[in-house]
Amino acid sequence: MTEEARRSARETIERLESSLSRGMRVRAVAALVAGLSGTVFMAALWLGEGGDLPGHTRLAFALLTAFCLAWAGYGGWLLTRRVPLFATDRVIAAWIGVAASVTTTALVAGVAAHRGTGPAPALAVGGLFAVTALTLAVRAHLRRAALLRRMRELTAGSEDG
């Protein structure tokens, strides 16, 4: 009999993603690098602006910097995981996308309304991004639920036998 056959369902589950796959590592590094690059870029733009900036502009710089930091934090967190994630990474990424798209849409629509140009185009494009991000969040939650349900089925089956 092989060592593989002697493992319990729990041990098998724990070995599923004991280390990140190559594709997952590439995505994690990409998120980390993009987030850090975006943070540096936004900070350079913000610090490079002369004089006192209007409140909306400071808010926009702060939000965009925060979103870049969120992606950098996500990439760093993902690289440090050594346990099965069961699609938690997808759920987190999807909600970062939802938060970024909704907030950016609201900010751009607010600026457009303040300028008197009308928020309709900003709301239409931003709404498309927000709906897409929300759809991905729902799919991520469904995937996570399916994986957790399968894990419970496997562990329940091993405890009975």
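First, a word on what this report is: a plain description of the structure on this page. (Residues numbered from 1 in each chain as written. Predicted model: local features only at pLDDT ≥ 70, side-chain atom pairs only at ≥ 80, totals over all residues. Heavy atoms only, no water.)

Regarding the overall build of the protein
- A tally of helices and strands in the protein yields six helices and zero strands.
- Starting at the N terminus and ending at the C terminus, the protein contains elements arranged as α-α-α-α-α-α.
- Burial analysis of the protein (161 residues in total) assigns 29% to the buried set.
- Taking all contacts inside the protein whose residues are at least 6 apart in sequence as the whole, residues at least 24 apart take part in 71%.
- Total accessible area on the protein is roughly 10400 Å²; 65% of this is exposed by carbon and sulfur atoms. (Helix = DSSP H or I, 4+ residues; strand = E, 2+ residues; numbered from the N terminus. Buried < 20%, exposed > 50% of the residue type's maximum accessible area, 1.4 Å probe, protein only. Contact = heavy atoms within 4.5 Å. Areas by Shrake-Rupley, 256 points an atom, 1.4 Å probe, with all protein chains shown as cover.)

Some details on a positive patch on the surface
- Residues Arg27, Arg90, Arg139 and Arg143 make up a contiguous surface patch of positive charge.
- Within the secondary structure, Arg139 sits in helix H6 (residues 120–160). (Patch = residues over 30% accessible without salt bridge, like charges linked within 9 Å, V, L, I, M, F, W, Y side chains within 5 Å. Salt bridge = Lys/Arg side-chain N within 4 Å of Asp/Glu carboxyl O. Lys, Arg positive; Asp, Glu negative; His and termini not counted. Charge placed at Lys NZ, Arg CZ, Asp CG, Glu CD.)

A few points about the environment of Arg90
- Among the structural elements, Arg90 can be located in helix H5 (residues 88–115).
- Separated by 49 residues in the primary sequence, Arg90 and Arg139 place their C-alpha atoms 9.0 Å from one another.
- Once you skip the residues sitting within four places of it in the chain, Arg90 turns out to touch Ala140 and Arg143.

Section: the nonpolar core
- Met24, Ala28, Ala31, Tyr74, Leu78, Leu85, Ala93 and Ile96 form the largest nonpolar core, which has eight residues in total.
- Looking at this core, the elements with two or more residues in it are helix H3 (22–48), helix H4 (55–80) and H5.
- Of all the elements, H3 adds the most residues to this core, at three residues.
- Those residues in contact with Ile96 that sit more than four places away from it in its chain are Ala70, Trp71 and Tyr74.
- Within the second largest apolar cluster, six residues are counted, among which are Val98, Ala133, Ala137 and Ala140. (Core = buried A, V, L, I, M, F, W, Y, C linked by side-chain atoms within 4.5 Å.)

Overview of the pattern of salt bridges
- Applying the stated criterion to the full structure yields two salt bridges.
- A salt bridge links Arg58 to Asp52, with the shortest nitrogen-to-oxygen separation between them at 3.5 Å.

Description of H3
- Taking 1.5 Å per residue, 27 residues should reach 39 Å; H3 reaches 38 Å between its end C-alpha atoms and fits that length.
- For H3, the set of buried residues is Met24, Ala28, Ala31, Gly35, Gly38, Thr39 and Met42.
- Residues of H3 that are buried make contact with H4 and H5. (Expected span 1.5 Å × (residues − 1).)

Examining H5
- With 28 residues, H5 should reach 40 Å at 1.5 Å per residue; the first-to-last C-alpha distance of 41 Å fits that figure.
- Count one or two residues on from H5 and you reach Gly116, which has phi positive near 85°.

A few points about the packing of H4 against H5
- Where H4 meets H5, the axes come as close as 11 Å, and the angle between the chain directions of the two elements is 175°. For the element pair H4 / H5, the angle class is roughly antiparallel. Counted together, Leu59, Ala60, Leu63, Phe67, Ala70, Trp71, Tyr74, Trp77 and Leu78 of H4 and Thr88, Asp89, Ile92, Ala93, Ile96, Gly97, Ala99, Ala100, Thr103, Thr104 and Leu107 of H5 form the full contact between these two elements.
- Classifying every residue of the contact of H4 with H5 by side-chain character gives 15 nonpolar, four polar and one charged. (Axes fitted to C-alpha atoms, helices over the stretch in contact; angles between N-to-C directions. Parallel < 35°, antiparallel > 145°, perpendicular 65-115°, else oblique. Nonpolar A, V, L, I, M, F, W, Y, C, P; charged D, E, K, R; others polar.)

A word on the packing of H3 against H4
- One way to put it is that H3 packs onto H4 with a least axis distance of 7 Å and a crossing angle of 155°. Classified by the angle their axes make, H3 and H4 are roughly antiparallel. In this structure, the crossing between H3 and H4 has a hand that is left-handed.
- Looking at the contact of H3 with H4, its residues break down into 19 nonpolar, six polar and two charged. (Left-handed = near helix turned anticlockwise from the far one by under 90°.)

Read these as layout, nothing more, since geometry by itself doesn't imply function.
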